[in-house]
Amino acid sequence: MLCSPLMLAHGVGGLHNDLLMAGLMAAALVVGVERGWMWGAAVGGLAAAVKLPGGLVCIGIALIALPVGASLA
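About the cut-offs
- Residues numbered from 1 in each chain as written.
- Predicted model: local features only at pLDDT ≥ 70, side-chain atom pairs only at ≥ 80, totals over all residues.
- Heavy atoms only, no water.
- Salt bridge = Lys/Arg side-chain N within 4 Å of Asp/Glu carboxyl O.
- Helix = DSSP H or I, 4+ residues; strand = E, 2+ residues; numbered from the N terminus.
- Buried < 20%, exposed > 50% of the residue type's maximum accessible area, 1.4 Å probe, protein only.
- Core = buried A, V, L, I, M, F, W, Y, C linked by side-chain atoms within 4.5 Å.
- Contact = heavy atoms within 4.5 Å.
- Axes fitted to C-alpha atoms, helices over the stretch in contact; angles between N-to-C directions.
- Parallel < 35°, antiparallel > 145°, perpendicular 65-115°, else oblique.
- Nonpolar A, V, L, I, M, F, W, Y, C, P; charged D, E, K, R; others polar.

**Quick look at the pattern of salt bridges**
(1) Moving on: Under the counting rule described, the total for this entry stands at one salt bridge.
(2) Moving on: A salt bridge links D18 to K51; the shortest N-O distance between them is 2.7 Å. Remark: K51 occurs in the loop between α3 (37-50) and α4 (57-65) and D18 occurs in helix α2 (residues 16-34); sequence separation between them is 33 residues.
(3) Moving on: Judged by its relative accessible area of 27%, D18 falls in the partly exposed class.

**Side note on the nonpolar core**
Grouped burial of nonpolar side chains is what soluble globular proteins tend to show.
(1) Moving on: By size, the foremost hydrophobic cluster in this structure holds six residues: L24, A28, V43, A47, V57 and I61.
(2) Moving on: Listing elements by their share of this core, those giving two or more residues are α2, α3 and α4.
(3) Moving on: The contacts of V43, once residues within four sequence positions are left out, are L24, A27, A28 and V31.

**Some points on the environment of L8**
(1) Moving on: Looking at the element boundaries, L8 is found in helix α1 (residues 5-14).
(2) Moving on: Put simply, L8 and V30 are 22 residues apart on the chain and 22 Å apart in space, counted from C-alpha to C-alpha.

**Some words on the packing of α2 against α3**
(1) Moving on: For the pair α2 and α3, the least separation of the axes is 8 Å and the interaxial angle reads 175°. Taken as axis vectors, α2 and α3 run roughly antiparallel relative to one another. Residues N17, L20, M21, L24, M25, A27, A28, V31 and G32 of α2 form the contact with α3, whose own contacting residues are W37, W39, G40, V43, G44, L46, A47 and V50.
(2) Moving on: Residue composition of the contact of α2 with α3, grouped by class: 13 nonpolar, four polar and no charged.

Okay, structure coming up:
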């Protein structure tokens, strides 16, 4: 994601909320896989607290928490 220091400066300067939300969304997926869906949803809630679209990661966490072979219907 970080190709150059200029990208970091641009992100911190203008899009700091978006970068924080994206980082929390990625962390929510990792925590959801490693620690369980409740912890992942909690970090997803933090992402939603930064910016509302960050809460969409909770859908992915719910799909990760499904048992293997479960039907979505």
